[in-house]
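Geometric and topological summary
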Amino acid sequence: MDQTIYNAEVDVRAQEILNAMVARGANGTWAAHALFATGADSSEVHEAMQQSLGDFTLGLTGAGPFQILPAMLLLCRWESELSTETVELIRQFFTQGILERGNTENHWMMFYAGNLLAAERFADESVFWNGRSPESVKAEATRWILGTIERTARIGHHEYDSPGYHAEHFTPLVGLYEHAQDDYLKQQVEKVLTLLVADMALEYYKGSWAGSHSREGYRQNTWTHVGPIQTTQYLYFGGEDFDASRHLQGFSIPVAAAAYRPPALFAQMAWDRSKPHAVKKTKAPRTIFRHVDREPDPVRKYTYMSTSFALGSAQTGLTAPAGPIDLVSWDLTWHGDKHQAKIGCNHPYADGGRFSGFLNPLPQDARRAIGSDKPYLQRPDRLFGASPFEQIMQHESTAIVVYQIPEDDDHPFVNMYLPTSVDWVAQAGWLFGNLGDFYVALRPIGDYVWERIRESANDNIMVSEGGLIDNWLLRIEDVNAGLILEAVEASDAGAFDVFCDRRVELGVDLSGWPVNNRISLEAFSGAKMEMFYDGSHKVNGEAIDYTAWPLFGALGAEGELNTGKVVFRHGEDDVHVDFDIDPDKPLMPMRVIG
């Protein structure tokens, strides 16, 4: 695609987003960009800034990244439109306020990006909010931002592929690219923005982000379309009609008002599902600092992008008792109505160590402290969050998901989420679903019961939208529970009943489970899969070498670990990214939570 034509198309979508935000009511420091960008009435912006920053400038309480970043993005882009009083309020905020960094990677990115831009804008101040000079504030922020970019270029993004938090990485980086004064920093920022756009494009399935995610909690991971990142995805990928309920997220409004445009080929890559293929990615290990005897392994992702569906999973690299609370290890995604186009399962692990392994509270307090604020994190019906007892093997469109849950676990079972819109057919231990363009085969391992799971609009902790969850919950009541899942294009399988009979005929060998930790099967494609819990994963007798996983490996994406070099291709177009890193240089430690 011609870059000029693509840029013009993005301009149209940006204006669509900004106009819609004004019509909805651009009330707040994130959304105020829409007022200035469209020439709308901006007389209430100072009041919005006063509400956001007022108390913090007096040192009465601490302000966090969600106040720090939007204040500076608004000042950097629209200072000529802001009143003298608003500019002075922002200055006082950065020189007299109490600013807090937060505890996640996106928090730190927003914190440091905002502080760097403030240190450049208010460079003549003698002292900043923390008692240090603007020069010192800028030096610390620059070191962290460049160090984090280098980590991403060498070992993969830490808070990876999150529909909920990718936007909070992307927006500060766009702000740095457009407003920072350091040319080298801006060059590195532009390169890492390319990787973050590629992350979205490679696993994009008709408006949904398929596969495993570091953070996809808040009981939305069963939705067809999830998260604030949808605004940025629509902006850069297009391909569908604008929907204000999905494409109007405040955290991305500064990006819609920005001039940054990614390479055009990613829009084509995002929508091209004409040839089924696997996407491999490596992401940085989770940050676990208590209770474990070894560092977590890197996250190795595998997502199979087919014409009518996408199946993705990850080797999470975790050991007990660590269990990051928002992590989603796998799902099957297709195009459909809300609630009706996802399949996933989860062991609702509730041990206090899942919190204290990577969060601040002490082990004896963590379970009550965090569970009291967010009770849905401890519910037995939970459908998201990592379990250290889950292990997965995937080859193309077939996955084996198994568990070895301790007998004394609070929740010695597994929850599987199934859409009610599918007419599930039971046959010889299998459950089959006809989705029209493709078929699904499920083989639960262990006794199970059908239940209905529903969480309604009045259960709105962290989520304001209604109808959180409403579908089947298949509870597999076995500490050695598991699941075989296979999705096959109807065009490859023939009639539905033929597919069902063939899948039953191929069978699954469970004779070694759990006593010998072994499960094997022949996939519909003819591939022979063998999985050992805590052991090897083999396809056609050859062990999968996860240590050889690339940073990016897919149709149109190539990049090895620890090189800082990636190439993206689509058709006759290509993009080469080279961070010019020293592979022998020690990585900056990642001190954020996992």
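Residues numbered from 1 in each chain as written. Predicted model: local features only at pLDDT ≥ 70, side-chain atom pairs only at ≥ 80, totals over all residues. Heavy atoms only, no water.

Structural notes on the overall build of the protein chain
Across its full length, the protein chain carries 17 helices and 27 strands. C-alpha extents for the protein chain along the principal axes are approximately 75 × 55 × 55 Å. Here the protein chain holds 594 residues, and 60% of them are scored as buried. Intrachain contacts of the protein chain at a sequence separation of at least 6 include 71% that bridge at least 24 residues. Accessible surface computed for the protein chain: about 22200 Å², of which carbon and sulfur atoms make up 46%. The positive charge centre, built from 49 side chains, and the negative charge centre, built from 81, are 3 Å apart in the protein chain. (Helix = DSSP H or I, 4+ residues; strand = E, 2+ residues; numbered from the N terminus. Buried < 20%, exposed > 50% of the residue type's maximum accessible area, 1.4 Å probe, protein only. Contact = heavy atoms within 4.5 Å. Areas by Shrake-Rupley, 256 points an atom, 1.4 Å probe, with all protein chains shown as cover. Lys, Arg positive; Asp, Glu negative; His and termini not counted. Charge placed at Lys NZ, Arg CZ, Asp CG, Glu CD.)

Details of the nonpolar core
Core analysis: the biggest nonpolar cluster contains 107 residues, and F94, F170, F237 and F568 have the highest contact counts within it. F237 has contacts with R13, V197, M200, A201, Y204, F266, A267, A270 and W271, leaving out every residue within four places of it along the chain. (Core = buried A, V, L, I, M, F, W, Y, C linked by side-chain atoms within 4.5 Å.)

Some remarks on the sheet that holds strand β23 (residues 542-543)
Strands sit in the order β19-β20-β21-β22-β23 across an open sheet of 5 strands; the sheet is antiparallel. Among the strands making up the open sheet, the edge pair consists of β19 (508-509) and β23. For β19 and strand β20 (residues 518-522), the ladder comprises 2 bridges, and the chain directions are antiparallel. Residue pairing in the sheet places D509 in a bridge with S520 of β20. (Pairing = 2+ DSSP bridges.)

Considering empty space enclosed by the protein
According to the stated counting rule, one finds 6 cavities of 30 Å³ or more in the structure shown. What lines the largest cavity is a set of 20 residues, among which N221, V328, W330, C345 and L383 lie closest to the centre. Mapped onto the lining of the largest cavity, the elements with two or more residues apiece are β8 (330-333) and β9 (342-346). It is β9 that contributes the most residues to the lining of the largest cavity, 5 residues altogether. Residue composition of the lining of the largest cavity, by class: 9 nonpolar, 8 polar and 3 charged. (1 Å grid on protein atoms, 1.4 Å probe; cavity = no way out; pocket = protein on both sides within 12 Å on 5 of 7 lines; lining within 4 Å. Points joined across faces, edges and corners; volume = space filled by probe spheres on them. Nonpolar A, V, L, I, M, F, W, Y, C, P; charged D, E, K, R; others polar.)

Here we look at the environment of E455
When you line up the elements, E455 lands in strand β16 (residues 448-455). The exposure class of E455 is buried, given its relative accessible area of 12%.

Quick notes on the sheet that holds strand β11 (residues 398-403)
Pairing within the open sheet is antiparallel, and its 6 strands lie in the order β10-β11-β18-β15-β14-β13. Looking along the sheet, the strands with just one partner apiece sit at the ends: β10 (390-395) and β13 (425-427). The sheet shows a mean angle of 20° between the axes of neighbouring strands, taken without regard to direction. Summarising the sheet, β13 and strand β14 (residues 430-434) pair through 3 bridges and their orientation is antiparallel. Bridged to A426 within β14 is L431. The sheet contacts of helix α17 (residues 496-506) involve β13, β14, β15 (438-445) and β18 (482-489), and relative to β14 the element is tilted by about 155°. (Axes fitted to C-alpha atoms, helices over the stretch in contact; angles between N-to-C directions.)

Examining the pattern of salt bridges
Side chains carrying opposite charge are able to pair once their charged atoms draw close together. Counted by the stated rule, this structure contains 28 salt bridges. Of the charged contacts, one joins K301 and D161 as a salt bridge, the two residues approaching to 2.5 Å between their closest N and O atoms. Of this pair, K301 sits in strand β6 (residues 299-305) while D161 is found in the loop between α7 (134-155) and α8 (166-179), placing the two residues 140 residues apart along the sequence. Here K301 matches D161 in class, with each residue buried. With a shortest N-O distance of 2.9 Å, D326 and R215 are connected by a salt bridge. Of this pair, D326 sits in the loop between β7 (310-315) and β8 while R215 is found in the loop between β4 (208-209) and α10 (229-237), placing the two residues 111 residues apart along the sequence. (Salt bridge = Lys/Arg side-chain N within 4 Å of Asp/Glu carboxyl O.)

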